[in-house]
Amino acid sequence: MRSNIIYIYAFSLSFLLVSCGITKDYEKPEADTEALFRKEMAAEVEVPEAPLMHWDQFFSDPYLLNYIEEGLTENYSLKNAIQRVNSANALLKQSKKAFLPSLEGSASVAKSRLSYTQGFGFIKDVTQYDLGISTSWEADVWGKLSSAKRASLAALLQTQASKQAIESQLVANIAINYYQLIALDKQLETLEETAENRKFYVATMKKLKSSNMVNGAAVVQSEANQYEAELLIPDVKQQIREIENALSILLARKPGEIQRSGFDDFAEMNMPELSIGDPADLMANRPDVMQAELEYRRAFELTNVARTQFYPSFGLSGSAGFSSFEWDDLFTKNIGLFGNIAAGLMQPIFNKGINKANLATAKAEQQIAFNNFQEALLDAGKEVSDAVFAFKTANSKISKRALQLEALNKSVDYTKKLLQYNSQTNYTDVLTAEQSLLRAEINNINDVLAEKLALIDLYKALGGGWNSENAEIISEENKN
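This structure is a prediction, so every number in the text was calculated from the model and none was measured.

J.: Outline the overall build of the protein, supporting the account with residue identities and numerical values.
T.: A tally of helices and strands in the protein yields twelve helices and four strands. A total of 480 residues make up the protein; the buried ones form 40% of that total. Residue pairs in contact within the protein that sit at least 24 positions apart in sequence constitute 83% of those at least 6 positions apart. As presented, the protein carries roughly 27400 Å² of accessible surface, and 54% of it is formed by carbon and sulfur atoms.

What follows is the structure in structure tokens.
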């Protein structure tokens, strides 16, 4: 028995020596991050820790912070992502146990009828009792089990990165919807004030007509101007209701009212300045880029598994137990005890091209994953570029819009005075000035909103604080 075991060990060692080179070691895919951002964004505010900034440091509105915390706890998409992580973790644990031998127990009772024809023919009923255990173990000669385990690890890390991508997007969506509600509140307030002012001006125009200072056309035009402002109010109210409902769904609530801060506090809110940093940082800071890279890693290891299918598998098996035709003799050592051990090789010779097809498919999937990773990196660069430019654009418009509002307020005031006191103008001039002022006031609200939303987009595009929570987790999983 000892010599057989030594022979088996030597046989296994010889396979291990020749197995070198069958599977390949994983290396991160090369990524060209040179000029990933537009050149005009090369110099930004230096805040290198910004991509690691947690959401409760980036946002300061107390209502918004509570909503984000609620969403991260209750949102159903995020709960599903957590369950996918749990599922992948279970598969990883199972792949680690593939290196261990299997162990099975069996118990059976079989009743047979035997018939003899030589001599005196007779029929006899026989009962056979069997009780035993069996085991089998496959040697990881070519690295198939190791590659499969690494593929499962990559799948687990991928689900973790996917969860963080969902979390990052959820935080951004909650903030975007919340800020849109604040801006719509201000638009509604502006429209209601404008409608009231125009209603008062209609009364003024009627008095001027009775004094023969204006004609009936001016009165009718003033009334139409009032109705125009009033007709915009229901549309804004509808938008508010729809966004409140959308935000409620993100929070896993039934549709309902959302409490929020006022626009003045929102406009004066100082959000942290962000630096776009090094394009290469996106590979470590963005969960979707990391997710794409991990998918490539999983596909790489599955290609390794497909390569090993062309080589023989080596395994050991054994069984032991008791078997007897009499229950009383079942546990008798000299009669019922049995045991065996065997070593075997299985080499694929012809299996209708299945292994070749599997390898070709695995290589194709690996190339697809590589292409998806490259595309994810390009998308990340685009999102950063777009967000920075959107922020700069909104910021420049805010300062110019203030000058426009000042000029338009003067224009409305001057044309009204001219119409009331010396009739050197007509109501069309007043109407044009008022409409221009209202558009500018609405646009000013949208400019402030656009600036805040661009910062949210930039925060998410740089990683959304994901790295600060999960870089250590993924590093530890890679060690295991």
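There is more to say after this.
J.: Quick rundown of helix α9 (residues 287-308)? Include the residues and the values.
T.: With 22 residues, α9 ought to run about 32 Å at 1.5 Å a step, and its terminal C-alpha atoms sit 32 Å apart, in line with that. Summarising burial for α9: 17 of the 22 residues are buried, a large majority.

J.: Talk me through the confidence of the model for the protein; I want residue IDs and the actual numbers.
T.: Predicted coordinates in areas of low pLDDT are best not read in detail. Mean pLDDT over the protein stands at 79; residues scoring 70 or higher make up 79%. Highest mean pLDDT in the protein belongs to helix α3 (residues 62-74) (94); lowest belongs to helix α12 (residues 466-479) (50). Confidence drops under a pLDDT of 50 for residues 42-50, and excluding neighbours within four residues, the segment shows 13 contacts in the predicted structure.

J.: If you had to explain the environment of Thr 393 to someone new, which residues and values would you point to?
T.: Turning to its location among the elements, Thr 393 is positioned in helix α10 (residues 354-421). The spacing of Thr 393 and Glu 451 is 58 residues in sequence and 8.1 Å in space, taken between C-alpha atoms.

J.: Run through the environment of Gly 463, naming residues and quoting values.
T.: In this structure, Gly 463 sits in the loop between α11 (427-461) and α12. Between the C-alpha atoms of Gly 463 and Asp 281, which are 182 residues apart in sequence, the distance is 9.2 Å. What Gly 463 contacts, discounting residues up to four positions off in sequence, is Ser 168, Asn 285, Arg 286 and Pro 287.

J.: Could you give an account of the packing of α3 against helix α4 (residues 76-96), naming the residues involved and the relevant values?
T.: The geometry of α3 relative to α4 is characterised by a closest axis approach of 6 Å and an angle of 45° between their N-to-C directions. Accordingly, the angle class assigned to the pair α3 and α4 is oblique. Across the interface between the two elements, Gly 71, Leu 72, Thr 73 and Glu 74 of α3 pack against Tyr 76, Leu 78 and Lys 79 of α4. Among the residues making up the contact of α3 with α4, the classes are represented as three nonpolar, two polar and two charged.

J.: Got a sec to walk through the environment of Ala 151? Specific residues and values, please.
T.: Looking at the element boundaries, Ala 151 is found in helix α5 (residues 144-210). Dropping the residues within four chain positions of it, Ala 151 is found in contact with Arg 298, Glu 301 and Leu 302.

J.: Just give me the short version of the pattern of salt bridges, but keep the residues and values in it.
T.: Per the counting criterion, the structure on display carries 16 salt bridges. Where Glu 301 meets Arg 150, a salt bridge forms, and the shortest distance between an N and an O atom there is 3.3 Å. Of this pair, Glu 301 sits in helix α9 while Arg 150 sits in helix α5; the two residues are 151 residues apart in sequence, bridging distant segments of the chain. Taking relative accessible area as the criterion, Glu 301 reaches 2% and is therefore assigned buried. Using a relative accessible area of 29% as the deciding quantity, one classes Arg 150 as partly exposed. The residue Lys 382 makes a salt bridge to Asp 386 at a minimum N-O spacing of 2.7 Å. A residue pair is termed a helical-turn pair when its members lie 3 or 4 positions apart in one helix, as Lys 382 and Asp 386 do in helix α10 at four residues. The exposure class assigned to Lys 382 is partly exposed, which follows from its relative accessible area of 49%.

J.: An account of the side chain of Asp 447 is requested, with residue identities and associated values reported.
T.: With respect to the helices and strands, the residue Asp 447 is situated in helix α11. For Asp 447, a relative accessible area of 4% translates into the label buried. Look past the residues within four positions of Asp 447 in its chain and what remains in contact with it is Ala 394, Lys 397, Ile 398 and Arg 401.

J.: Describe the nonpolar core, listing the residues and the values that go with them.
T.: Counting 45 residues, the largest nonpolar core has Phe 59, Ile 174, Tyr 179 and Ile 456 as its most contacted members. When contributions to this core are tallied by element, the ones reaching two or more residues are α2 (55-58), α3, α5, α6 (216-250), α7 (263-268) and α11. With 15 residues, α5 is the single largest residue contributor to this core. Other than its neighbours up to four places away in sequence, Phe 59 contacts Leu 64, Leu 65, Ile 68, Val 171, Ala 175, Tyr 179, Met 271 and Ile 456. Among the nonpolar cores identified, the runner-up in size contains 15 residues, and Phe 373, Ala 376, Leu 458 and Ala 461 belong to it.

J.: How would you explain the layout of surface pockets if you had to name every residue and give the values?
T.: In this structure, the largest pocket occupies an estimated 380 Å³ of space. The set of elements that each furnish at least two residues to the lining of the largest pocket consists of α5, α10 and α11. When residues in the lining of the largest pocket are grouped by element, the largest group, nine residues, is from α5. The residue inventory of the lining of the largest pocket, partitioned by class, reads eight nonpolar, four polar and seven charged.

Reading the values: rules and limits
- Residues numbered from 1 in each chain as written.
- Predicted model: local features only at pLDDT ≥ 70, side-chain atom pairs only at ≥ 80, totals over all residues.
- Heavy atoms only, no water.
- Helix = DSSP H or I, 4+ residues; strand = E, 2+ residues; numbered from the N terminus.
- Buried < 20%, exposed > 50% of the residue type's maximum accessible area, 1.4 Å probe, protein only.
- Contact = heavy atoms within 4.5 Å.
- Areas by Shrake-Rupley, 256 points an atom, 1.4 Å probe, with all protein chains shown as cover.
- Expected span 1.5 Å × (residues − 1).
- pLDDT = per-residue confidence, 0-100.
- Axes fitted to C-alpha atoms, helices over the stretch in contact; angles between N-to-C directions.
- Parallel < 35°, antiparallel > 145°, perpendicular 65-115°, else oblique.
- Nonpolar A, V, L, I, M, F, W, Y, C, P; charged D, E, K, R; others polar.
- Salt bridge = Lys/Arg side-chain N within 4 Å of Asp/Glu carboxyl O.
- Core = buried A, V, L, I, M, F, W, Y, C linked by side-chain atoms within 4.5 Å.
- 1 Å grid on protein atoms, 1.4 Å probe; cavity = no way out; pocket = protein on both sides within 12 Å on 5 of 7 lines; lining within 4 Å.
- Points joined across faces, edges and corners; volume = space filled by probe spheres on them.

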